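Observations on the model geometry
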Amino acid sequence: MEIYDHPTFRMACQQFELVADHLEIPHGERDRLKLPKRSLTVALPIHRDDGSTQVFTGYRVQHYLTLGPTKGGLRYHPDVKLGEVAALAMWMSWKCALTGLPYGGAKGGVACDPHTLSKVELERLTRRYTQEMIPFIGPQTDIMAPDLGTNEQVMAWMMDTYSVHAGHTVPSIVTGKPVGLGGSLGRREATGRGVAYLVNRATDTIGLDLGKATAIVQGYGNVGSIAALSLARYGAKIIAVSDVRGGIYNENGLDLWKLEQHVAEQKTVSGFPDAAPISNEELLLLPCDILVPAALERQITEANAGKIQCHILAEAANGPTTPEADLILNQRPEIFIIPDVLCNAGGVIVSYFEWVQDVQSFFWGETEVVDKLFRSLETAYTQVLATSRKQKIPMRLAALSLGIKRVQEAKRIRGLFP
Ligand code: NAD
């Protein structure tokens with residue numbers, strides 16, 4: 001479909017076709033599995049603080065609804081396009097199926113730079129977006145969550161706007177809310193914590209001592225910062241991190257507690273006193289044991305895939321590795337990949353727990369959340385690793401084929417209406 005044409009959507013389709021060939025899915029069934037079910041594009045006019053009016057563009061894509069409501073994050077970033085959102089929705093579908101969640105995939109986005117908006121402007125934009133989405137979303141239809149550029153506060157405004165419309169409080173319309181509004185303990189940390197759990201499992205698999213390992217994290221936001229802290233708790237030494245303004249490097253290890261204070265004050269890792277500055281491109285090529293891309297899509301490409309120097313590539317971001325880069329990495333058995341649909345699945349797993357708690361109005365302690373999270377990740381990791389070894393296929397192909405096969409089976413069993 002031309003409306004989705006975008007490099008990231010082409011990349012998701014390319015990955016899908018590779019898996020479909022592997023699973024020998026008949027060509028006649030492929031479009032039904034691949035193409036998004038619904039998408040909505042909205043114009044979002046808001047009053048700026050200077051009295052002017054500015055119109056932003058917002059999107060939501062629901063990929064498939066066969067197994068339950070759709071689920072997926074909302075992204076605020078200047079480059080957001082419909083095709084990018086559609087690709088992210090597709091990956092969410094495979095991720096939910098891989099981890100056994102009763103959801104289809106969705107994603108939303110607003111093309112804006114949240115850092116250039118005041119808090120009040122951000123609130124107006126979020127409320128207007130939610131208002132425009134009301135006919136399209138619902139706790140049994142489509143549930144949002146934070147992603148790049150959005151956070152708990154954005155989710156709280158969405159929940160409030162939706163609840164005002166419904167006439168009663170509807171916490172289950174979003175996940176990743178503040179705990180005081182029906183959010184789940186452990187949700188904010190879930191994605192990064194899950195990344196570190198899986199890295200720990202991967203070190204067992206390849207025989208690496210995590211207590212002596214070095215790690216690098218690209219993107220020091222919600223996911224990247226928690227992944228770094230959690231890896232440090234497992235004993236790894238974090239030698240470099242970055243954000244949109246650039247990176248910092250100290251081969252003896254960064255003091256993450258001091259870095260937390262620096263980021264809280266400066267809103268960036270740049271300028272951290274105990275480290276040397278480094279560009280995002282250079283950071284990916286530094287020698288390390290664990291490399292964690294936790295920012296944007298398409299960071300590891302055919303240009304740098306041959307040059308990265310890690311033993312574990314833990315894909316915390318969605319779609320950080322292009323199919324062309326994959327071809328190169330598949331020829332480098334010294335690099336063990338934890339593919340994105342598995343690696344960052346902790347976020348949607350605990351989002352599911354939050355939704356279940358909201359629907360039941362029955363809340364769990366953090367230990368229960370983390371325990372259930374690790375058990376879900378363990379099951380998914382074991383299945384992906386076993387499939388990869390049994391069929392002698394790369395981890396990404398194994399993970400995607402498990403997810404896509406489950407969606408294919410669900411669609412086949414439900415049949416096609418009319
Ligand atoms: P965030 O907005 O909290 O953090 C993103 C970080 O990336 C920021 O530090 C930002 O400065 C940095 N960044 C942006 N552009 C960059 C660039 N060009 N180079 C280097 N760094 C850059 O977002 P997040 O929620 O941490 O999400 C990060 C990634 O993880 C995204 O790919 C997102 O889709 C994925 N993800 C997030 C969740 C979640 O629960 N938040 C779940 C699954 C996957």
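Residues numbered from 1 in each chain as written. Predicted model: local features only at pLDDT ≥ 70, side-chain atom pairs only at ≥ 80, totals over all residues. Heavy atoms only, no water.

**A closer look at the state of the cysteines**
- Inspection of every chain in the model, using the stated rule, returns 0 disulfides.
- Its sulfur unpaired, Cys 96 is 16 Å from the next cysteine sulfur, which belongs to Cys 343.
- Of the residues examined, Cys 96 reaches a relative accessible area of 0% and is grouped as buried.
- Cys 288 supplies the cysteine sulfur nearest to Cys 310, a cysteine that is in no disulfide, at a spacing of 5.3 Å. (Disulfide = S-S within 2.5 Å. Buried < 20%, exposed > 50% of the residue type's maximum accessible area, 1.4 Å probe, protein only.)

**So, the pairing of strand β7 (residues 237-243)**
- Summarising burial for β7: 6 of the 7 residues are buried, a large majority.
- As judged from the 5 bridges shared by strand β6 (residues 214-218) and β7, these two strands associate in the parallel manner. Bridging from a neighbouring strand, Thr 214 pairs with Lys 237 of β7.
- Handedness of the β-α-β unit built from β6, helix α7 (residues 222-233) and β7 comes out right-handed.
- As paired elements, β7 and strand β8 (residues 246-249) share 4 bridges and run antiparallel to each other. Its bridge partner lying in β8, Ala 240 is registered against Tyr 249.
- Adjacent in sequence and paired antiparallel, β7 and β8 are bridged by 2 residues. (Helix = DSSP H or I, 4+ residues; strand = E, 2+ residues; numbered from the N terminus. Pairing = 2+ DSSP bridges. Right-handed = clockwise from strand over helix to strand, strands pointing away.)

**Overview of the site of the ligand**
- Every one of the 22 residues lining the ligand counts as a neighbour, but Asp 147, Gly 149, Thr 191, Ala 295 and Asn 318 are closest to it.
- Within the contact set of the ligand, an oxygen atom lies 2.9 Å away from a backbone nitrogen or oxygen of Asn 222.
- The side chain of Asn 318 places a nitrogen or oxygen atom 2.8 Å from an oxygen atom of the ligand.
- Coverage of the ligand by the protein amounts to 86% of the 830 Å² it exposes when considered alone.
- Among the elements of the structure, α6 (187-206) and α7 are those that each provide at least two residues to the shell around the ligand. (Near = heavy atom within 4 Å. Polar contact = N/O pair within 3.5 Å; in protein donor to acceptor, adjacent residues only side chain to side chain. Areas by Shrake-Rupley, 256 points an atom, 1.4 Å probe, with all protein chains shown as cover.)

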